[in-house]
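Secondary and tertiary structure notes
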Amino acid sequence: LRESVRRSLLQKPSLTPYFFELALLDSLSYDTQTNEGGPDGSIIKAVISSKGTDAHTKALQECANVLIESKKNLKKLSSITIADAVALAGAEAVNAVGGPTLPTQLGRTEAAAKAPIPSSMPPLDLFTGAVSGMDVYDVFQSSGLTDREMTALLGCLLSIDTIEKETPEGSWKEASKPKFREAGKIGRMSEFKKLTDEDIANELAKDDEDDDGESYTVSGDDGWYIADTFGTADDKFGKRASGEKKIELSSALKNLSKVSPSTTQYSWIKDLLLSKDLPTAQTYVSKYGSKPLVYEKDLKVCYNSVTQLGAEFTGGKYESLLKNKKRKTLNDDELDFLK
């Protein structure tokens, strides 16, 4: 599924922020007062059923279709729900532009096919600038998120778009799929013997025998590969679209005062996070902009928790470990930041 998202981004880099939007919208459908909504994949139904014809809606629909097809084609990994797919895709969008690997808990239950879209679902244009900044703030508040968490998430959305627009198209096209490596060999050792098509076919035949006929392949994928347990994320899913240069995801927050409509479609985030009515947001814009490692650490905690807001999990270990468990929050308290 991650590879499918990465491929779609290589083919059309402009979709990158929209995968992240899907994850946020699905999560922000949770209402702490009514306990309605939450990341159950309902955003996919909301997007696909939308009658909107604007570019933003079409981009969200394109991303939704990528996830639907990827989920449909996965044979072995049937335990991944569409709700999981939305959260995984958002994390992959961040990683694709050079950001950190965001932890994503699997095992969410997905909304029933005939279930209505929750009334708490935010408007699809929440992040377009058509909705006032304070209305966006109210959505985050209704979901139980702190100003610090809102700053981290909106800063990430802004950074994704900024990095995507600053990355030359050729750099995205240069991103390549990894080599087929010999299992059990680390690093260059795995490249000493070039595997032939026959070698690969023989190995796959062995896997099929071991799996009692179950397949790990993805149907309709004419260029698939096998990622073993060794190597970096780039080895498994292909090079990052941002190229080899070091990317600091906090750069957009560091230069927030310089953001304008000519540089990003999310310029409205500047006005919200620098609002005099939100001193806590201002504080964390400054801290995150000057401390990229602290920002990435907070973002990991924040994304993992926001994509579990009010989520119901499948039975077994997921449910026993996560049901009714109080989520880890990023407190607005200044002292908490130093812990």
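Presented here is a report on the structure given in the accompanying data block. Worth saying up front: this structure is predicted, and the values here are computed from it rather than measured. (Residues numbered from 1 in each chain as written. Predicted model: local features only at pLDDT ≥ 70, side-chain atom pairs only at ≥ 80, totals over all residues. Heavy atoms only, no water.)

**A few points about the packing of aromatic side chains**
Definition in use: Side-chain rings of Phe, Tyr and Trp (the six-membered ring for Trp) are treated as a pair once their centres are within 6.5 Å; stacked means planes under 30 degrees apart, edge-to-face means over 60, and tilted covers the remaining angles. A run of DSSP states H or I qualifies as a helix once it reaches four residues; a run of E qualifies as a strand once it reaches two. Both are numbered from the N-terminal end. Exposure classes here rest on a 1.4 Å probe applied to the protein chains alone. A residue is buried below 20% of its type maximum, exposed above 50%, and partly exposed in between.
Per the counting criterion, the structure on display carries four aromatic pairs. A centroid spacing of 6.4 Å and a plane angle of 15° characterise the contact between Phe-127 and Trp-268, whose relative ring orientation is stacked. Linking Phe-127 in the loop between helix 5 (82-96) and helix 6 (133-142) with Trp-268 in helix 12 (residues 268-273), this pair joins segments that are 141 residues apart in sequence. The same class applies to Phe-127 as to Trp-268, namely buried. On the basis of an interplanar angle of 50° and a centroid distance of 4.9 Å, the ring pair of Tyr-288 and Tyr-295 is categorised as tilted. Under the relative-accessibility criterion, Tyr-288 is labelled buried at 0%. With a relative accessible area of 0%, Tyr-295 lands in the buried category. Members of the aromatic cluster, joined through ring pairs, are Tyr-284, Tyr-288 and Tyr-295.

**Notes on the environment of Pro-123**
How we decide: Throughout, a residue-residue contact means that at least one pair of heavy atoms, one from each residue, lies within 4.5 Å.
Its place among the elements puts Pro-123 in the loop between helix 5 and helix 6. Expressed as a C-alpha distance, the spacing of Pro-123 and Ala-46, which sit 77 residues apart in the sequence, is 9.4 Å. For Pro-123, the contacting residues outside a window of four places in its chain are Leu-25 and Val-131.

**Considering helix 14 (residues 292-306)**
Going by this rule: Each helix should span, by expectation, one fewer than its residue count multiplied by 1.5 Å.
The end-to-end C-alpha distance of helix 14 is 20 Å, a good match for the 21 Å that 15 residues give at a rise of 1.5 Å each. Where helix 14 is concerned, the buried positions are Tyr-295, Glu-296, Asp-298, Leu-299, Val-301, Cys-302, Tyr-303, Ser-305 and Val-306.

**What to know about the packing of helix 2 (residues 16-27) against helix 7 (residues 147-166)**
Axes are the key here: two packed helices are described by the angle between their axes and the distance separating the axes. To keep it simple, the criterion reads: Convention adopted: a line fitted to C-alpha atoms gives each axis, helices being fitted over their contacting stretch, and angles between N-to-C directions are expressed from 0 to 180 degrees. Roughly parallel refers to an angle under 35 degrees, roughly antiparallel to one over 145, roughly perpendicular to one between 65 and 115, and oblique to any angle outside these ranges. By convention, the crossing between two helices is left-handed when the near helix turns anticlockwise from the far helix through less than a right angle, and right-handed when the turn is clockwise.
Contact geometry for helix 2 and helix 7: axes closest at 8 Å, N-to-C directions at 165°. The orientation of helix 2 with respect to helix 7, classified from their angle, is roughly antiparallel. Of the two elements, helix 2 crosses helix 7, and the hand of that crossing is left-handed. For the pair helix 2 and helix 7, the contacting residues are Thr-16, Pro-17, Phe-20, Glu-21 and Leu-24 in the first and Leu-153, Cys-156, Leu-157, Ile-160, Asp-161 and Glu-164 in the second.

**A short note on the pattern of salt bridges**
Our working rule: Any Lys or Arg side-chain nitrogen located within 4 Å of an Asp or Glu carboxyl oxygen qualifies as a salt bridge.
Using the criterion set out here, one finds three salt bridges in the structure. The salt bridge involving Lys-12 is made with Glu-62; its shortest N-O contact spans 2.9 Å. Taken together, the positions of Lys-12 in the loop between helix 1 (2-11) and helix 2 and Glu-62 in helix 4 (residues 55-73) put the pair 50 residues apart, joining distant regions of the chain. Accessibility expressed as a relative area gives 36% for Lys-12, which makes it partly exposed. For Arg-148, the salt bridge goes to Asp-298, with nearest N and O atoms at 2.8 Å. Taken together, the residues span a long stretch of sequence, with Arg-148 in helix 7 and Asp-298 in helix 14 at a distance of 150 residues.

**Describing the packing of helix 7 against helix 14**
Rules: Residue polarity follows a fixed list, in which Ala, Val, Leu, Ile, Met, Phe, Trp, Tyr, Cys and Pro are nonpolar, Asp, Glu, Lys and Arg are charged, and the others, Gly among them, are polar.
The geometry of helix 7 relative to helix 14 is characterised by a closest axis approach of 9 Å and an angle of 100° between their N-to-C directions. Judged by the inter-axis angle, helix 7 sits roughly perpendicular to helix 14. On helix 14, the residues touching Arg-148, Glu-149, Ala-152, Leu-153, Gly-155 and Cys-156 of helix 7 are Tyr-295, Asp-298, Leu-299, Cys-302, Tyr-303, Ser-305 and Val-306. Within the contact of helix 7 with helix 14, the residues separate by chemical class into eight nonpolar, two polar and three charged.

**Structural notes on the nonpolar core**
Put simply, the rule is: Side-chain atoms within 4.5 Å link the members of a nonpolar core, which is a set of buried Ala, Val, Leu, Ile, Met, Phe, Trp, Tyr and Cys residues.
If you look at the biggest cluster of nonpolar residues, it comprises 75 residues, and the most contacted ones within it are Phe-19, Ile-43, Phe-127 and Leu-153. The residues touching Ile-43, leaving out its near neighbours within four places in the chain, are Leu-22, Leu-25, Asp-26, Val-86, Met-121 and Leu-124.

**Some remarks on the environment of Val-285**
You can see Val-285 is positioned in helix 13 (residues 279-290). Its relative accessible area of 6% is what places Val-285 among the buried residues. The spatial distance from the C-alpha of Val-285 to the C-alpha of Ser-250 is 9.0 Å, given a sequence separation of 35 residues. Excluding anything up to four places from it in sequence, Val-285 contacts Thr-151, Leu-253, Leu-256, Leu-273 and Leu-274.

**Examining unusual backbone geometry**
A positive phi angle, close to 60°, is found at Asn-35, a residue other than glycine. For Asn-35, a relative accessible area of 54% translates into the label exposed.

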